[in-house]
Amino acid sequence: MSEFSEIAISVLGSTGSIGRQTLDVCRNLGIRPVALTAHSNLQLLEKQAREFLPQLVVVAEESLASSLKVALADTPVQVKAGPQALEEAATLPQAQSVVGAIVGMAGLAPVLAAAKAGKTIALANKEPLVSAGALVTQMAREHGARIIPVDSEHSAIFQCLHGGERRDVAKILLTASGGPFFGKSREELKAVTAADALRHPNWSMGAKVTVDSATLMNKGLEFIEAMWLFDLAPDQIEVVIQRQSIVHSGVFFADGSLIAQMGVPDMRTAIQYALTYPRRYPVRGVPPLNLAQIGALTFATPDRSTFTCLAACEAAARKGGLYPAAVNGANEGAVALFLEGKITFLEIGELVQGALEELNLPREITLASVLEADAAGREYARQFYRNRGSK
Ligand code: NAD
Ligand code: MG
């Protein structure tokens, strides 16, 4: 028994990169996952269910649930499928915290449900905040839910904000690794393949976020994510490349001081902090930071004319309303097309920029209008591909 065995959590997206690392943290500290969910990786989900014996596991579809039910018939684990079951996992009364580790907008409904249930939400899944930040944060406020960021940059900012008073915050430093194509020109990026983009220098992540890191879309999404998490205006966020991914982000205060958080690039630190906040404990498997060995920390301004996704997100943040949702939807569509080899790396940026400039969206933000803007972004991506084919 550990001091954490009383802590029970739901892990939404337990088979993904963040989900697996969350379960590693659970193993380290003895935290009990009481619900696990996945889209369709039955083999891994079964293995996780056997190890942790959660009360509930959820998959995307009924047909998947039937075979998992058979596989887990000798255990007390309940198996369910579909959006309703996913919301049940997100609101399970036994779970104090919910880890949001689904990728993309698929995570919106369960995150809203967890907020409505007043849960503490350890949130990695950035797309719901980008698209529906107004709704998610309002729901959390109304129901006393606390969102603790898991995204390493936002975890860093969250930690650094403890170093001063909110009214003395001047601006936020949002660091970016620059990804595998840092320093490359548009000409050099013309022939980039999905395999090239999936090789990230510092972080090991799911496919979508890895492509987003290569295009700097990830930083653009994080820019908008930071606005909602910390109630900031676009002009209060400065993106700087930090090649080694050691300075995870920080806060500039009124006196010019920058308080930044540093650490080895390993998501388990941020995940564990979100689950044990405000306490800190050793994170198993993460080596200590050895600055002398790293030698130098280098910083640079991002190249927005090559990595247009970052500029498009910053512009969407300024335009506000439903534009972040549309840009995010367009990017989800674009990344899927790129991974299928249907559009080029540079076209992801063109497509996202095009969605920002060409879509006409209403002002009112409701769940329905956010979903429509998201769908309009995805449709824009499909059209882009169709037009490209007929060129
Ligand atoms: P991943 O692709 O490795 O895993 C995604 C998880 O979501 C899987 O468990 C999958 O089964 C589930 N899922 C996917 N589609 C689903 C759907 N339609 N319905 C239900 N479940 C679905 O992704 P990841 O790298 O773990 O990233 C998860 C989220 O965390 C993303 O939003 C990402 O931007 C964010 N994030 C990731 C990292 C990282 O290091 N991986 C860092 C910061 C933030
Ligand atoms: Mg991040």
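Structure's up top.
Bear in mind the structure is a predicted one, so any value in this text is a computation, not a measurement.

Asker: I'm lost on the overall build of the protein chain in this one. Help?
Answerer: Across its full length, the protein chain carries 17 helices and twelve strands. Relative to the compact-globule value of 21 Å for 391 residues, the protein chain shows a C-alpha radius of gyration of 20 Å, a close match. Along the longest, intermediate and shortest principal axes, the C-alpha atoms of the protein chain span 55 × 55 × 40 Å. Residues counted as buried form 56% of the 391 residues belonging to the protein chain. If you take every contact in the protein chain between residues at least 6 apart in sequence, the share linking residues at least 24 apart comes to 69%.

Asker: Even after reading the chapter, I still don't get the packing of helix α5 (residues 108–116) against helix α6 (residues 127–143), so can you show me in this structure?
Answerer: For any two helices packed against each other, the geometry comes down to the angle between their axes and how far apart the axes lie. In contact at an axis separation of 8 Å, α5 and α6 are set at 15 degrees when each is read in the N-to-C sense. Put simply, α5 runs roughly parallel to α6. The chirality of how α5 crosses α6 is right-handed. Each of Leu108, Val111, Leu112, Ala115 and Lys116 in α5 lies in contact with α6, whose residues at this interface are Pro128, Ala132, Leu135, Val136, Met139, Ala140 and His143.

Asker: Got a minute to help me understand the sheet that holds strand β5 (residues 97–100) in this structure?
Answerer: Either a parallel or an antiparallel arrangement is found when strands of a sheet pair, and the pairing is made through backbone hydrogen bonds. Across the sheet, seven strands lie side by side as β4-β3-β2-β1-β5-β6-β7; this open sheet has parallel pairing. What marks the edges here is a single partner per strand, and that holds for β4 (78–81) and β7 (146–149). Looking at each pair of strands side by side, their axes are set apart by 20 degrees on average, direction ignored. For strand β2 (residues 32–37) and strand β3 (residues 56–59), the ladder comprises three bridges, and the chain directions are parallel. Bridge pairing in β3 places threonine 37 opposite valine 58. Along the sheet face, helix α2 (residues 42–52) touches β2 and β3 and points at about 175 degrees away from the line of β3.

Asker: I would appreciate a short explanation of the packing of aromatic side chains in the present structure.
Answerer: The relative placement of two aromatic rings is captured by the distance of their centres and the angle of their planes. Taken as a whole, this structure holds six aromatic pairs when the rule is applied. On the basis of an interplanar angle of 75 degrees and a centroid distance of 5.7 Å, the ring pair of tyrosine 273 and tyrosine 277 is categorised as edge-to-face. Three or more aromatic residues joined by ring pairs form one cluster here, namely Phe158, Tyr273 and Tyr277. Between lysine 171 and the ring centre of phenylalanine 252, over which it is positioned, the NZ or CZ distance is 4.9 Å.

Asker: Before we go on, may I ask you to explain the layout of surface pockets in this structure?
Answerer: Which parts of space are left empty comes out when a probe the size of a water molecule is rolled across the atoms. Considered as a void within the structure, the second largest pocket measures approximately 720 Å³ in volume. Every residue lining the second largest pocket is counted, 32 residues in all, and those nearest its centre are Thr137, Trp228, Leu229, Phe230 and Asp231. The dominant element in the lining of the second largest pocket, judged by the number of residues it contributes, is α6, at eight residues. For the lining of the second largest pocket, the class distribution of residues is 20 nonpolar, seven polar and five charged. Three or more residues apiece are contributed to the lining of the second largest pocket by two domains, here domain 1 (8–149) and domain 2 (152–266 + 287–308).

Asker: For this particular structure, what's the right way to read the site of ligand 1?
Answerer: Lining the immediate surroundings of ligand 1 are 21 residues, of which Thr15, Ile18, His39, Glu127 and Gly206 lie closest. Within the side chain of threonine 15, an N or O atom sits 2.8 Å from an oxygen atom of ligand 1. Structurally, the shell around ligand 1 is a two-domain feature, drawing no fewer than three residues from each of domain 1 (8–149) and domain 2 (152–266 + 287–308).

Asker: Can you walk me through helix α11 (residues 217–230) in this structure?
Answerer: Working note: α-helix, 3.6 residues per turn, so residues spaced by three or four point in the same direction. Taking 1.5 Å of rise per residue, the 14 residues of α11 would be expected to cover 20 Å, and the 20 Å separating its terminal C-alpha atoms lies within 8% of that figure. Residue aspartate 231 follows α11 closely and has a positive phi angle near 55 degrees.

Asker: It is not clear to me how the sheet that holds strand β9 (residues 237–242) should be interpreted in this structure. Could you clarify?
Answerer: With mixed pairing, the five strands of this open sheet are ordered in space as β11-β10-β8-β9-β12. Looking at strand neighbours, the two that pair on one side only are β11 (258–262) and β12 (299–300), the edges of this open sheet.

Asker: What am I meant to see in empty space enclosed by the protein here?
Answerer: All chains considered together, the criterion is met by one cavity of 30 Å³ or more. When its volume is computed, the largest cavity comes out at roughly 70 Å³. Looking at the largest cavity, the residues that line it are Arg186, Leu189, Thr215, Thr306, Phe307, Thr308, Cys309, Phe345, Leu346, Ile348 and Gly349. Looking at the lining of the largest cavity, the elements with two or more residues in it are α8 (186–189), α14 (308–319) and α16 (345–358). Per-element tally for the lining of the largest cavity: the top contributor is α16, with four residues. Within the lining of the largest cavity, the residues separate by chemical class into six nonpolar, four polar and one charged.

Asker: Please explain the coordination of the magnesium ion (ligand 2) as it appears in this structure.
Answerer: Around a metal, the idealised angle for a tetrahedral arrangement of four donor atoms is 109.5 degrees; for an octahedral arrangement of six donor atoms it is 90 or 180 degrees. Binding of the magnesium ion (ligand 2) to the protein goes through Asp151 (OD), Glu153 (OE) and Glu222 (OE), at separations of 2.1 Å. Look at where the donors of the magnesium ion (ligand 2) fall in the sequence and you get D-x1-E-x68-E. Taken together, the residues span a long stretch of sequence, with glutamate 153 in helix α7 (residues 152–161) and glutamate 222 in helix α11 at a distance of 69 residues. Accessibility expressed as a relative area gives 8% for glutamate 153, which makes it buried. Looking at glutamate 222, the relative accessible area reads 1%, which means it is buried.

Conventions we followed
Residues numbered from 1 in each chain as written. Chains lettered and ligands numbered in written order. Predicted model: local features only at pLDDT ≥ 70, side-chain atom pairs only at ≥ 80, totals over all residues. Heavy atoms only, no water. Helix = DSSP H or I, 4+ residues; strand = E, 2+ residues; numbered from the N terminus. Rg over C-alpha atoms; globule rule 2.2 N^0.38 Å. Buried < 20%, exposed > 50% of the residue type's maximum accessible area, 1.4 Å probe, protein only. Contact = heavy atoms within 4.5 Å. Axes fitted to C-alpha atoms, helices over the stretch in contact; angles between N-to-C directions. Parallel < 35°, antiparallel > 145°, perpendicular 65-115°, else oblique. Left-handed = near helix turned anticlockwise from the far one by under 90°. Pairing = 2+ DSSP bridges. Phe/Tyr/Trp six-rings, centres within 6.5 Å; stacked < 30°, edge-to-face > 60°. Lys NZ or Arg CZ within 6 Å of the ring centre and 35° of its normal. 1 Å grid on protein atoms, 1.4 Å probe; cavity = no way out; pocket = protein on both sides within 12 Å on 5 of 7 lines; lining within 4 Å. Points joined across faces, edges and corners; volume = space filled by probe spheres on them. Nonpolar A, V, L, I, M, F, W, Y, C, P; charged D, E, K, R; others polar. Domains from an automatic or database assignment. Near = heavy atom within 4 Å. Polar contact = N/O pair within 3.5 Å; in protein donor to acceptor, adjacent residues only side chain to side chain. Expected span 1.5 Å × (residues − 1). Donors = N, O, S within 2.8 Å, 3.2 Å for Na, K, Ca; no water.

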